[in-house]
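Given next are the chains, with one letter for each unit.
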Amino acid sequence: MVNRLIPFLRKRSSYIIMAIVTILTISGCATFYQKTVAIQKNIEGGNFESAYKQLDKEKKWATNNHRVLYYMNRGVVAFMLGKHEESNNYFNQADYYIEDYSKNVGTEALVLVSNPMVRPYPPEDYEAIMVNYYKALNFIALNNYEGALVECRRINIRLQVLNDRYKNHKNKYAKDAFAHNLMGIIYEATGDYNNAFIAYRNAYNIYEEDYKNLFGLSAPLQLKKDLLYTAKSSGFNSEVDFYEKKFNIKTPTYKNNEGKLVYIWMNGFAPVKSEWSINLANMGRKDGFVIFGSSELGITYPLSVQNHNSNSSFGDLSMVRVAFPKLVERKPRFNNANLVYQNKKYPLELSQDINKIAFETLNDRMLRELSNNIVRIATKQLLAYTTRKQNENLGTIVSIVNAVTEKADTRNWQSLPYSISYSKIDLKEGNHTLKLEQTGARGARMVNDVSVNIRAGKTTFQVFHQVE
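Everything numeric in this text was worked out from a predicted model, so none of it was measured. (Residues numbered from 1 in each chain as written. Predicted model: local features only at pLDDT ≥ 70, side-chain atom pairs only at ≥ 80, totals over all residues. Heavy atoms only, no water.)

Draft legend 1. Looking closely at the packing of aromatic side chains. Enumeration over the complete set of coordinates arrives at 22 aromatic pairs. For the ring pair Tyr 70 and Tyr 71, a centre distance of 5.1 Å and an interplane angle of 80 degrees mean the geometry is edge-to-face. Accessibility classification places Tyr 70 together with Tyr 71 in one group, the buried group. Every member of this aromatic cluster is reached through a ring pair, and the members are Phe 79, Phe 91, Tyr 133, Tyr 134, Phe 178 and Trp 413. The ring of Tyr 52 carries the charged tip of Arg 74 above its face, separated from the ring centre by 5.3 Å. Sitting over the face of the ring of Tyr 52, Lys 83 holds its NZ or CZ atom 5.3 Å from the ring centroid. (Phe/Tyr/Trp six-rings, centres within 6.5 Å; stacked < 30°, edge-to-face > 60°. Buried < 20%, exposed > 50% of the residue type's maximum accessible area, 1.4 Å probe, protein only. Lys NZ or Arg CZ within 6 Å of the ring centre and 35° of its normal.)

Right, dumping it as structure tokens:
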């Protein structure tokens, strides 16, 4: 791309001017966050009816480069309003754009001389996974357990497909423990103890083999109890003995007149993207490569060059400044919660740390894409250098445009939760009122009533997103 672009621009200065006008027009538009700040504030404040109405008016958002984020946010807002079928329709649209996303040659050429914001937003891998998570919750609310199971399976299939695309620097987040855990809960709710046991066992293994090292998150105690219960219910006595010794707990028993409450607590909001940049100096040529790097940071990145003797090559650049997205953590007000019933506390155990998954996923992506970003910046600077040799004034304009347009892609799905916790409680048939106690730093505390109707032998699901 670079070797074809530079000679073309040398000969066609008029095209340079057209590109400048186009890029300046793009850069002059309001940013994505400026356009959507009112909607995001309503979501973060729990004003979902207002957010719903605003989104309904934002027709242009549904057709521009941010359209996948439009449908993701519409899906969340509809979910929070209990419009579960409508929510899944929006998530299906988001799913379509995720699956259909492909690079456009024209757009990529513009990206090369501007910034990644000009292309349709490709969701981060963890964002794509959360689409399936929300769809699973919608299906649960619609009592469509098979549909929910399909979405849970798709989470791990999608992770595998995504990782298979990456030749180098694969994602460390390659398996999802909570998806398997949720599958186990759903299977158990349908009385399929055999498949529930398999799902719980898979979840436990991923927590212990992956999540513990990556995110500092071990298997919840409730998962261990469920693993034992479904093993016993399936007649897997040797597994019961093995895991009772491993966990140092006894297999729980349940009464026939009881049902189960599965309470899922989504807390706060996931991180937002900002921007940072580094300067990489030209450290010379070696074996057909120009080496850019930073002695201070101890990093080097070789770029292949075909025309070593050209006066207009990457070798002529003394330094490149590369902009990257970075995540900014949004710590929630509350970091701990319990359900309280008849003076007994049932802790909501952390089962998915979306905040840490987001940081790990972005870091892995940056390692994969750093070389491409350096090529992009070097191409822009080389374009200015080449243009200046032919026309000093035009070259100056191109340099100014480079500075104006050099931005990282800071779009992201802002309405995702910071973390997911859950608890499972056995209750007698009938109506019950529990207390949700949430506590945080500096004495922060909130208590909410939780009303549930329990049927004997059945599982009742409730989901609450703490947005305050």
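More follows now that the structure is in view.
Draft legend 2. Just the nonpolar core, in detail. Formed by 94 residues in total, the largest nonpolar core has its most connected members in Tyr 133, Tyr 134, Tyr 207, Tyr 211, Ile 264 and Trp 413. Broken down by element, this core gets its largest block of residues, 11 residues, from helix α8 (residues 125-141). When sequence neighbours within four positions are dropped, the list of residues in contact with Tyr 134 reads Val 76, Phe 79, Asn 88, Phe 91, Met 266, Trp 413, Ser 415, Leu 416, Pro 417 and His 465. Core analysis: the next-biggest nonpolar cluster, separate from the first, contains 18 residues, Phe 334, Leu 339, Leu 348 and Ala 444 among them. (Core = buried A, V, L, I, M, F, W, Y, C linked by side-chain atoms within 4.5 Å. Helix = DSSP H or I, 4+ residues; strand = E, 2+ residues; numbered from the N terminus. Contact = heavy atoms within 4.5 Å.)

Draft legend 3. Expanded view of the pattern of salt bridges. Under the defined criterion, the tally for this structure stands at 22 salt bridges. Between Glu 124 and Arg 365 there is a salt bridge, with its nearest N and O atoms 2.7 Å apart. With Glu 124 in the loop between α7 (105-113) and α8 and Arg 365 in helix α14 (residues 354-390), this pair connects stretches of sequence that are 241 residues apart. Residue Glu 124 is classed as buried on the basis of its relative accessible area, which comes to 3%. In this structure, Lys 345 and Glu 437 form a salt bridge, with 3.5 Å as the shortest nitrogen-oxygen distance. Here Lys 345 is found in strand β7 (residues 344-347), whereas its partner Glu 437 is found in strand β10 (residues 430-440), with 92 residues between them in sequence. Here the salt bridges do not stand alone but share partners, grouping Asp 95, Glu 99, Lys 135, Glu 151, Arg 154 and Arg 158 into one network. (Salt bridge = Lys/Arg side-chain N within 4 Å of Asp/Glu carboxyl O.)

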